[in-house]
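Architecture and fold: a report
Listed below are the residues making up each chain.
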Amino acid sequence: MTDKDAPLHLLNSHPDAGRIRSRRFRDGTAMLVVEASGLDGEQRDALEARLREAALAIPEVSAVQVAMSASKPQRTLIAIGSGKGGVGKSTVSANLAVALAKMGRKVGLIDADIYGPSQPTLLGAKTRPEARDKQLIPVEAQGVKLLSVGQLVGEGQALAWRGPMAAGALNQLVEGDWGNCEILLIDLPPGTGDVQLSLVQKSRPDGAVIVSTPQDLSLIDATRAVDLFGKTGVPVLGLIENMAGYRCPHCGEESDPFGTGGAEASARDLDIPFLGRLPLSASLREASDAGQPPAAGSGPAADTFAGLARALLAQLEKAKR
Ligand SMILES: Nc1ncnc2c1ncn2[C@@H]1O[C@H](COP(=O)(O)OP(=O)(O)OP(=O)(O)O)[C@@H](O)[C@H]1O
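Quantities reported herein were computed from a predicted structural model and do not represent experimental measurements.

**Thoughts on the UniProt feature "binding site: ATP" (unreviewed entry) in the protein chain**
- Residues annotated in UniProt with the feature "binding site: ATP" (unreviewed entry) correspond here to Gly83, Lys84, Gly85, Gly86, Val87, Gly88, Lys89 and Ser90.
- Position of glycine 86 among the secondary structure elements: in the loop between strand S4 (76–81) and helix H2 (89–102).
- By the secondary structure assignment, glycine 88 is in the loop between S4 and H2.
- Under the C-beta neighbour-count criterion, glycine 88 is labelled buried, with 21 such atoms within 10 Å.
- Dropping the residues within four chain positions of it, glycine 88 is found in contact with Val211, Asn242 and Met243.

Right, dumping it as structure tokens:
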């Protein structure tokens, strides 16, 4: 600051002074460069308005120009995939997101499942996102920010999309206004075809998680998913086994309708981490259908998801080293 900028000294005592990177004063105009990293669009607007008002309150100032600068936040993008449909990939994604948020992480969830976007239902978030300056603003539910491909199109319309079109839509979601989110989970469409390949190539996730049931057939498909991520250079952070074992709520008898331990053995064979297993549970399905992710509550299911989230974070740390 030079002597010419002296009137702007009055901004030193402003609560947001720490965000002012430079200030100049010429011919009645105050020019401020303001650091806005970590703020979402609404918070940026509010900060700008507060500083404008404070500058205009200085008697010499008749006009204000504010330039907001923000370093691109460091975000970790994690794709969640499965070799085939119906293995619980979306249920696991939603609950992992909620469990990570409960652990204090700033989490965003992108529902890229063009064949059946179910995250708005799973998180009970039916409102449509608004856009600001062509950027989508995620909706908030259960402590998680959410954008879903289902929010962009009417129900069932996305089904016919081919790879590049789906990748374009995903890009819009990834480039949304994620504010201070540090982790973005992407719920991919099931399978390992062209659509999935385009999505992975376009979004370039930092890591991937694969969900599978213990069944042999499902595991063969999970192996294909590992292959897909391998081909695209995305490290697989781990495999989650879903629908492993069932305890009858009436008689307490335990059974394994989809086999047992298959996913853990496959993870060993494929040399990828095994993050944990989730039992088949009618109450989990009912809560999911009702938009109440069990990870948000307390009890065994919440504990299981917290364990899976911890295992995922541990693998992320390892991958960074
Ligand atoms: N551990 C579980 N116990 C009982 N039901 C489950 C479990 N996991 C998922 N489900 C149920 O299975 C069905 C499919 O789950 P989900 O939609 O999460 O699978 P998906 O792999 O994402 O499927 P797709 O990608 O084909 O849409 C849902 O009705 C869900 O509630």
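**Section: the domain arrangement of the protein chain**
- For the protein chain, the assigned domains are domain 1 (3–69) and domain 2 (76–320).
- In this complex, domain 1 contributes four residues to the contact, which on the side of domain 2 involves five residues.
- When its residues are assigned to classes, the side of domain 1 that touches domain 2 shows one nonpolar, two polar and one charged.

**Focus on the sheet that holds strand S2 (residues 29–35)**
- Pairing is mixed in the open sheet, where three strands are placed in the order S1-S2-S3. Because the sheet does not close on itself, it has two edges, and the strands there are strand S1 (20–26) and strand S3 (63–69). Recorded for the sheet is a direction-independent mean angle of 15° between the axes of neighbouring strands.
- Judged from the six bridges that link them, S1 and S2 form a sheet pairing that is antiparallel. If you follow isoleucine 20 over to S2, its bridge partner there is valine 34.
- The sheet contacts of helix H1 (residues 41–56) involve S2 and S3, and relative to S3 the element is tilted by about 150°.

**Section: the site of the ligand**
- If you check the shell around the ligand, you find 20 residues, and the closest are Gly85, Gly88, Lys89, Ser90 and Thr91.
- Looking at the shell around the ligand, the elements with two or more residues in it are H2, strand S12 (236–247), strand S14 (274–280) and helix H9 (282–289).
- Counted by class, the shell around the ligand contains six nonpolar, 11 polar and three charged residues.

**Focus on the confidence of the model for the protein chain**
- With 96% of its residues at a pLDDT of 70 or more, the protein chain has an overall mean of 88.
- Here the complex is predicted with pTM 0.82, and the ipTM for its interfaces comes to 0.98.

**Quick word on the nonpolar core**
- One finds Leu96, Ala97, Leu185 and Val209 to be the most contacted residues of the largest nonpolar core, which totals 69 residues.
- Top element by residues in this core is H2. It accounts for eight residues.
- Residues in contact with alanine 97, not counting those within four places in the same chain, are Val107, Leu109, Val144 and Leu185.
- Counting eight residues, the second-largest nonpolar core is a separate cluster that includes Phe25, Ala30, Leu32 and Ala54.

**Quick notes on the packing of H2 against helix H10 (residues 300–320)**
- Their axes nearest at 9 Å, the elements H2 and H10 cross at an angle of 80°. In this view, H2 runs roughly perpendicular relative to H10, as classed from their interaxial angle. Only Phe305, Ala306, Leu308, Ala309 and Leu312 of H10 make contact with H2, whose side of the interface consists of Asn95, Leu96, Ala99 and Leu100.
- Classifying every residue of the contact of H2 with H10 by side-chain character gives eight nonpolar, one polar and no charged.

Parameters and conventions
- Residues numbered from 1 in each chain as written.
- Predicted model: local features only at pLDDT ≥ 70, side-chain atom pairs only at ≥ 80, totals over all residues.
- UniProt positions renumbered as here; feature names shortened; annotations may be inferred.
- Helix = DSSP H or I, 4+ residues; strand = E, 2+ residues; numbered from the N terminus.
- Buried ≥ 20, exposed ≤ 12 C-beta atoms within 10 Å, placed from the backbone.
- Contact = placed C-beta atoms within 7 Å.
- Domains from an automatic or database assignment.
- Nonpolar A, V, L, I, M, F, W, Y, C, P; charged D, E, K, R; others polar.
- Pairing = 2+ DSSP bridges.
- Axes fitted to C-alpha atoms, helices over the stretch in contact; angles between N-to-C directions.
- Near = placed C-beta within 6 Å.
- pLDDT = per-residue confidence, 0-100.
- Core = buried A, V, L, I, M, F, W, Y, C linked by C-beta atoms within 7 Å.
- Parallel < 35°, antiparallel > 145°, perpendicular 65-115°, else oblique.

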